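# Observations on the three-dimensional arrangement
Residue-level listing of the chains:
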Amino acid sequence: MNWAFLQGLLSGVNKYSTAFGRVWLSIVFLFRVMVFVVAAEKVWGDEQKDFQCNTIQPGCHNVCFDHFFPVSHVRLWALQLIFVTCPSFLVVMHVAYRDDRERKNRLKYGENCRSIYKNTGKKRGGLWWTYVLTLVFKIAVDATFVYLVYHIYEGYDFPSLIKCEQKPCPNTVDCFIARPTEKRIFTIFMVVTSLACILLSIFEIVYLVGKRCCECAMGDNQSARHVNTSTLSSRATLMDSNPLKSPNKSPPRTPAPSYSVAVS
């Protein structure tokens, strides 16, 4: 594994994430990827070799193992980690696309031209939707794999003794799993960390949507205040430009005719 390349990708994802996203990334990298690479593969090892049944019937051992373990836990978790981490890189790719548009815009119109984006890394417009959709996808992936582990293996427990009645076994045979307690602990640990990541992603979606709603509400209030201020200013200008409607000036009065003119 190229750790320098992985560190560069993770630092790019961490740069454009919220506080919840940084905690999520720490949990995935430290408690899921590291545990998977360092411990999980060694705990499972060659599962079929360590799976023992008290029979010498040809094919019975393989059929019983395939019945109780149709998919390896290690391979299932590897798929889960791949599907759950790849969407985060879409945000980095979206920001890189914005940077490329800004570079082409400067090359075409000059360095002093108007920018397309005020900040290419700010979650606005399409980048906001990309970020939220990646969170929804990660929630769906984690929830799906947690359900698959429960459905395929009929729970998160590893019994020490398994009764197998599959053909071509001559009768009910007893089969034994190697290190069942250790495997049970690791399975519960991976499920709990997956649920923690689901909760963090839900909190992050609520935070982003709530923040966006507050910004929209504040923008509407500022627009309403600006309209009211403009209306009052225009009314004051009209009052000042029309002297007949000025409250301090009375309209001119026609002088009364003189007495001599009235007598004549």
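The coordinates are above.
Residues numbered from 1 in each chain as written. Predicted model: local features only at pLDDT ≥ 70, side-chain atom pairs only at ≥ 80, totals over all residues. Heavy atoms only, no water.

### Observations regarding the pairing of strand β2 (residues 161-164)
Threshold: In this scheme, a residue with accessible area under 20% of its type's maximum is buried, one over 50% is exposed, and one in between is partly exposed, where area comes from a 1.4 Å probe on protein chains only. Runs of E in the DSSP output that reach at least two residues are strands. Runs of H or I that reach at least four are helices, and both are numbered from the N terminus. Strands are treated as partners if at least two bridges between them are detected by DSSP.
Burial along β2 is one-sided: I162 and C164 are buried, and none of L161 and K163, which face the opposite way, are. Where β2 lies against strand β3 (residues 173-176), four bridges are found, and the strand directions are antiparallel. The residue of β3 that forms the bridge with C164 is V173.

### Structural notes on helix α6 (residues 88-109)
What counts, and what does not: Each residue after the first adds 1.5 Å to the expected span of a helix. This arc describes the spread of directions from the helix axis toward the C-beta atoms.
The end-to-end C-alpha separation of α6 is 33 Å, in line with the 32 Å expected for 22 residues at 1.5 Å each. Looking only at α6, the buried set comprises S88, V91, H94, V95, R98, E102 and N105. Summarising the axial view, the buried residues of α6 lie within an arc of 125°, below the 170-degree limit, and thus occupy one face. The exposed set on the far side of α6, more than 90 degrees from its buried face, consists of M93, L107 and K108. Positive backbone phi, at 100°, marks G110, one or two positions downstream of α6.

### What to know about the state of the cysteines
Counted only if it meets this: The disulfide criterion used throughout: a pair of cysteine sulfur atoms within 2.5 Å.
Taken as a whole, this structure holds three disulfides when the rule is applied. One disulfide in the model links C53 with C175; its S-S distance is 2.1 Å. On the S-S bond that ties C53 to C175, the torsion sits near 105°, and the link is right-handed. One end of the pair, C53, is in strand β1 (residues 52-53); the other, C175, is in strand β3, and 122 residues separate them in sequence. No difference in accessibility class separates C53 from C175, as the two residues are buried. For the chain, the bonded cysteines pair up as 1-6, 2-5, 3-4 when numbered in the order they occur along the sequence.

### Digging into the pairing of β3
Of the pairings in the sheet, the one linking β1 to β3 comprises two bridges and is antiparallel in character. Across the sheet, residue Q52 finds its bridge partner in β3, namely F176.

### Some words on the packing of helix α2 (residues 19-44) against helix α5 (residues 73-85)
In plain terms, the rule: All axes are obtained by fitting lines to C-alpha atoms, using only the stretch in contact for helices, and the reported angles, taken between N-to-C directions, cover 0 to 180 degrees. Roughly parallel covers angles under 35 degrees, roughly antiparallel covers those over 145, roughly perpendicular covers 65 to 115, and oblique covers all other angles. For any helix crossing, the convention is left-handed if the near helix is rotated counterclockwise from the far helix by under a right angle, and right-handed if that rotation is clockwise. The criterion used for residue contact is that any of the two residues' heavy atoms lie within 4.5 Å. Each residue is assigned to one of three groups, with Ala, Val, Leu, Ile, Met, Phe, Trp, Tyr, Cys and Pro labelled nonpolar, Asp, Glu, Lys and Arg labelled charged, and all others, Gly among them, labelled polar.
Taken N-terminus to C-terminus, the directions of α2 and α5 make an angle of 160°; their axes are 11 Å apart at the nearest point. The angle between the axes of α2 and α5 places the two elements in the roughly antiparallel class. Seen along the crossing, α2 lies across α5 with a hand that is left-handed. On α5, the residues that touch W24, V28, R32, V33, F36, A40, E41 and W44 of α2 are H73, V74, W77, A78, Q80, L81, V84 and T85. Residue composition of the contact of α2 with α5, by class: 11 nonpolar, three polar and two charged.

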